[in-house]
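# Geometric and topological summary
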Amino acid sequence: MTGQDILQETVADLVNRKIEGTYWDFKCRHHHNNGDLVHDVLCLANAKHHGNRYLIFGVDDKDFSLHSISEKTGRKTQAEIAGLFRDNSRKFFQSRFPEFYLSEVKINDALLDVLVVEDTPHKPYYLIERYEKICAHHIYTRVCDTNTPVNDAAQPHEIERMWRERFGLDMPLHDRAKIYLNDHHAWISSNRGNESICMYYRTFPEFTLRVSEAEEYMVRHEEWTRGEIRIDNTNAWYYDIYYHQTRMARVRGVSFDDGKKSMIAPTWRPLGAGRFYFYQADSIEYAVHKFHSEFSKKDDSLTLRIRDRGGKAKAEEAEARSLWGHHMRIPVLRVGELDALFGSNGSCESVEPSTDEAEQYRIFLRNQIDFEKWRDELGKS
């Protein structure tokens, strides 16, 4: 089932309920007043709900009858709505406004527009400068089927809930660490004993990130590194993530060319006659991967070279360069893609990878290329 199929099913269910709720709101047509649109989006974005929120155009909120959306009824485009928020971004706290996208669905032959407001941890969203009738420094939300009035503000316990979500205070420690790693500007370097690098998170200094050398036997010449290696000057190391004195996670990195370039080692699963390498989007390893790239200020820490090594890998190298040029990115997979590729139980046939370096590199490129083709086909279906 595609994302559009899921949206169609979700909207049909909400329309059939013939009521409005905390995370969905009906409008007979698009807003004529931009202030009303911004207010509705703010209320939905700040509502207490885990998951997307929906502003559905083409449904009467009194009798729940359906009315097809068209240009004659003042239909807005994705670009127009995005432009409204982007042009007024400086009026939002930290210039951050809710994330959303506009899609269309058909219910009983009626064409509806759906503004999907995504669930993000950046709540509360609010204005620091008045926009039309929306007050500055007023935090709005939606409770049951009712928005906070524009001249009022959310209850204190609702505002507290939003700030707690923003800082991840009610989340498991691993999830908090992932949020804080995304805020790479807030990590401060410090010296601790004989450790080469130690950093702590400014807001919650009990979260620390330490760099340590990997053991001598640590594998660092896997097939994904073949395009980078010229001589044997590749080293492995760790990012250790601590909460107080408890190590929560250990993430392996690899440096190339005497440390001139480094990147976080991807995870892998058996695929065909070799291994397929990727980052899992919701993993702490991927959070560290992005942190490392931002903190090191090296764009090449996100890409791998595709070298012309010839021999067994010649055909795959040519095909890879036709897709990506001279550099490739290890793909980032979400849970749905992992399930579709490997099965929901995550099981794959275990294989013993080839010990021949040229063959390893050929299979690595083949698997990465085949995945990109599979993903493209999946997107077309």
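This write-up is about the structure you can find in this document. (Residues numbered from 1 in each chain as written. Predicted model: local features only at pLDDT ≥ 70, side-chain atom pairs only at ≥ 80, totals over all residues. Heavy atoms only, no water.)

A few words now on the sheet that holds strand S14 (residues 274-280). Taken in spatial order, the three strands make up an open sheet running S13-S14-S17, and their pairing is mixed. The open sheet terminates on both sides in strands that have one partner only, identified here as strand S13 (267-271) and strand S17 (332-333). By the bridge criterion, two bridges tie S14 to S17 in an arrangement that is parallel. If you follow Tyr279 over to S17, its bridge partner there is Val332. In the packing of helix H8 (residues 335-342) onto the sheet, the strands contacted are S13, S14 and S17, and the crossing angle to S14 comes to about 165°. (Pairing = 2+ DSSP bridges. Helix = DSSP H or I, 4+ residues; strand = E, 2+ residues; numbered from the N terminus. Contact = heavy atoms within 4.5 Å. Axes fitted to C-alpha atoms, helices over the stretch in contact; angles between N-to-C directions.)

Within the open sheet, the six strands sit side by side as S7-S8-S9-S10-S11-S12. Their pairing is antiparallel. Of all strands in the sheet, those bounded by a partner on one side alone are strand S7 (187-190) and strand S12 (261-264). Across the sheet, the axes of successive neighbouring strands diverge by a mean angle of 25°, strand direction being ignored. Direction of pairing for S7 relative to strand S8 (residues 197-201): antiparallel, over a ladder of four bridges. Bridge pairing in S8 places Ile188 opposite Tyr200. Sitting on the sheet, helix H5 (residues 173-182) is in contact with S7, S8, strand S9 (207-213), strand S10 (235-243) and strand S11 (246-256), with an inclination near 80° to S9. Sheet strands in contact with helix H6 (residues 284-296) are S7, S8, S9, S10, S11 and S12, and its direction is about 155° off that of S12.

In the structure shown here, the tally under the stated rule is 28 salt bridges. Between Lys133 and Asp36 there is a salt bridge whose closest N-O contact spans 2.6 Å. Here Lys133, found in the loop between strand S4 (110-117) and strand S5 (142-143), pairs with Asp36, found in helix H2 (residues 34-45); they are 97 residues apart in sequence, far enough to count as distant. Close ionic contact of Arg252 with Glu222 constitutes a salt bridge, the shortest N to O distance being 3.2 Å. You can see Arg252 sitting in strand S11 and its partner Glu222 sitting in the loop between S9 and S10, a full 30 residues away along the chain. Neither Arg252 nor Glu222 differs from the other in exposure class; each is buried. (Salt bridge = Lys/Arg side-chain N within 4 Å of Asp/Glu carboxyl O. Buried < 20%, exposed > 50% of the residue type's maximum accessible area, 1.4 Å probe, protein only.)

The amide bond that connects Lys123 to the next residue, Pro124, takes the cis arrangement and shows omega of 0°. A positive phi angle, close to 60°, is found at Gln94, a residue other than glycine. In this structure, Asn108 takes a positive phi of about 50° despite not being glycine. Its place among the elements puts Asn108 in the loop between strand S3 (100-107) and S4. Residue class for Asn108 comes out exposed when judged on its relative accessible area of 67%.

Moving on: the side chain of Asn46. Following the sequence through the fold, Asn46 ends up in the loop between H2 and strand S2 (53-57). Not counting the four nearest positions on each side in its chain, Asn46 is found in contact with Arg53, Lys123, Pro124, Tyr125, Ile139, Tyr140, Thr141, Arg161 and Met162.

In this section: the environment of Leu102. On the secondary structure map, Leu102 appears in strand S3. When the C-alpha positions of Leu102 and Val117 are compared, they lie 8.8 Å apart, and in sequence the two are 15 residues distant. Those residues in contact with Leu102 that lie beyond four places of it in its chain are Lys76, Thr77, Gln78, Ile81, Asp113, Val114 and Leu115.

Now for H2. Look at H2: 16 Å from first C-alpha to last across 12 residues, which is about the 16 Å you get at 1.5 Å a residue. Taken together, the buried positions of H2 are occupied by Gly35, Leu37, Val38, His39, Asp40, Val41, Leu42, Cys43, Leu44 and Ala45. (Expected span 1.5 Å × (residues − 1).)

In this structure, Arg166 sits in helix H4 (residues 156-166). Reaching out from Arg166, the side chain makes a polar contact with the side chain of Gln94 at a distance of 2.3 Å. Every residue in contact with Arg166, bar those within four places of it in the chain, is listed here: Phe93, Gln94, Pro121, His122, Lys123, Pro124 and Ile179. (Polar contact = N/O pair within 3.5 Å; in protein donor to acceptor, adjacent residues only side chain to side chain.)

Bear in mind that shape data such as this cannot, by itself, settle questions of function.
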